[in-house]
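# Report on the structure
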Amino acid sequence: SQELEQSPQSLIVQEGKNLTINCTSSKTLYGLYWYKQKYGEGLIFLMMLQKGGEEKSHEKITAKLDEKKQQSSLHITASQPSHAGIYLCGADSADSWGKLQFGAGTQVVVTP
Amino acid sequence: DTEVTQTPKHLVMGMTNKKSLKCEQHMGHRAMYWYKQKAKKPPELMFVYSYEKLSINESVPSRFSPECPNSSLLNLHLHALQPEDSALYLCASSGENQETQYFGPGTRLLVL
């Protein structure tokens, strides 16, 4: 099965500072998803990447998939309190439709 | 509209009770999913329904019984649960081409 490793496990960032979260796969990624979750709530879809070298942005969040399609990064510019939460990367399984495998998550805390 | 709704929000049940979780979407999605999420862990896939037929069962104990009465509804029937089944249960749906999964807010279940 596909293993997704996220780093860091958690990070504390001062409001207005940038942050980056990484997601590394043991296998080629066919579809890489980024979600955000507040504790005890559902997952909010952020972005989906499929092509090597692809980069997408929404508001202050940018996600990239490397050329080899085995690593993705999520970058937040000028973080705000609303960016606090748990960020999860998820990947499609190459051998089974619908099986989304998740990384362990990165907890982001934004301080004043 | 990318809304998936789940009821109830919270549920407390004894080990001898029978209860059901409900999930609904009106996006015309033909795939629906149940996930289980324990505290500080990523969601784990339980079941996948595709075109109202069960396509994936991730070796879930029979005390969890899914049902898909129509393309918009997904139920999870619970019977004789154990305290270790206490978790956040998430429902998701996606389009027919292995597209992005959209998640509901979850049902927080406590088994006493």
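That block above? That's the structure.
Read on for a plain summary of the structure. (Residues numbered from 1 in each chain as written. Chains lettered and ligands numbered in written order. Predicted model: local features only at pLDDT ≥ 70, side-chain atom pairs only at ≥ 80, totals over all residues. Heavy atoms only, no water.)

Each partner contributes residues to the interface: chain B has 26 residues there, and chain A has 21 residues. When chain B packs against chain A, the two sides together hide about 1700 Å² of surface, and 58% of this comes from carbon and sulfur. Our enumeration of links across chain B and chain A arrives at one salt bridge. Between K99 of chain A and E58 of chain B there is a salt bridge, with the nearest N and O atoms lying 3.3 Å from each other. The tally of links between chain B and chain A comes to four residue pairs in polar contact (both at pLDDT 80 or more). Broken down by secondary-structure element, the contributors of at least two residues to the side of chain B that touches chain A are strand 4 (31-37), strand 5 (44-50), strand 9 (87-94) and strand 10 (102-103) of chain B. With four residues, the single largest contributor to the side of chain B that touches chain A is strand 4 of chain B. Of the residues contributing to the side of chain B that touches chain A, the split by class is 14 nonpolar, eight polar and four charged. (Contact = heavy atoms within 4.5 Å. Buried area = accessible area lost by both parts, 1.4 Å probe. Salt bridge = Lys/Arg side-chain N within 4 Å of Asp/Glu carboxyl O. Polar contact = N/O pair within 3.5 Å; in protein donor to acceptor, adjacent residues only side chain to side chain. Helix = DSSP H or I, 4+ residues; strand = E, 2+ residues; numbered from the N terminus. Nonpolar A, V, L, I, M, F, W, Y, C, P; charged D, E, K, R; others polar.)

So, on to the pattern of salt bridges. Residues and elements named next belong to chain B. In total, this model carries five salt bridges over all chains according to the counting rule given. Residue R30 pairs with E52 through a salt bridge whose shortest N-O separation is 3.0 Å. Of this pair, R30 sits in the loop between strand 3 (18-25) and strand 4 while E52 sits in the loop between strand 5 and strand 6 (53-57), placing them 22 residues apart in sequence. Look at R30 and you get partly exposed, because its relative accessible area is 28%. Several salt bridges share partner residues, and in doing so they unite K36, R63 and D85 into one network. (Buried < 20%, exposed > 50% of the residue type's maximum accessible area, 1.4 Å probe, protein only.)

Once that is clear, we can look at the state of the cysteines. All names here are of chain A. As enumerated under the stated definition, the model contains two disulfides over all chains in all. For C23, the disulfide goes to C89, at an S-S distance of 2.1 Å. Disulfide C23-C89: the torsion about the S-S bond is 75°, which places it as right-handed. Of this pair, C23 sits in strand 3 (residues 19-25) while C89 is found in strand 9 (residues 85-93), placing the two residues 66 residues apart along the sequence. (Disulfide = S-S within 2.5 Å.)

Moving on to the sheet that holds strand 8 (residues 71-76) of chain A. Residue and element names in this part refer to chain A. Within the open sheet, the five strands sit side by side as 1-3-8-7-6. Their pairing is antiparallel. The outermost strands of the open sheet, each flanked by one partner alone, are strand 1 (4-7) and strand 6 (55-58). Taking the axes of each pair of neighbouring strands and ignoring which way they run, one obtains an average angle of 15° across the sheet. The pairing of strand 7 (residues 61-65) with strand 8 spans five bridges and is antiparallel. (Pairing = 2+ DSSP bridges. Axes fitted to C-alpha atoms, helices over the stretch in contact; angles between N-to-C directions.)

Another point: the environment of Q6 of chain A. Residue and element names in this part refer to chain A. Here Q6 lies in strand 1. Taking the C-alpha atoms as reference points, Q6 and F102, 96 residues apart in sequence, are found 9.4 Å from one another. Those residues in contact with Q6 that lie beyond four places of it in its chain are I21, N22, C23, W34, Y87, L88, C89, G103, A104, G105 and T106. Of the polar contacts made by the side chain of Q6, one reaches the backbone nitrogen of C89; its length is 3.1 Å. At a separation of 3.2 Å, a polar atom in the side chain of Q6 contacts the side chain of T106.

All names here are of chain B. Side chains of strand 1 (residues 4-7) alternate between two faces, with V4 and Q6 buried and T5 and T7 left unburied. Where strand 1 lies against strand 3, four bridges are found, and the strand directions are antiparallel. Along strand 3, the bridge assignment pairs V4 with Q25.

Quick look at the sheet that holds strand 7 (residues 64-70) of chain B now. Residue and element names in this part refer to chain B. As summarised here, the arrangement of the four strands in space is 1-3-8-7, forming an open sheet in which the pairing is antiparallel. Edge positions in the sheet fall to strand 1 and strand 7, since each has one partner strand and no second. Within this sheet the neighbouring strands show an average axis-to-axis angle of 20°, counted without direction.

So, about the nonpolar core. Judged by nonpolar contacts, the single largest core of 23 residues is most densely connected at W34, F64, L76 and L78 of chain B. Looking at this core, the elements that each hand over two or more residues are strand 2 (10-13), strand 3, strand 4, strand 5, strand 7, strand 8 (73-79), strand 9 and strand 11 (107-111) of chain B. With residues near it in sequence (within four places) discarded, L76 of chain B still touches K19, S20, L21, W34, M46, F47, F64, S65, P66 and Y89 of chain B. Counting residues in hydrophobic clusters, the runner-up holds 22 residues, among them L4, L11, V108 and V110 of chain A. (Core = buried A, V, L, I, M, F, W, Y, C linked by side-chain atoms within 4.5 Å.)

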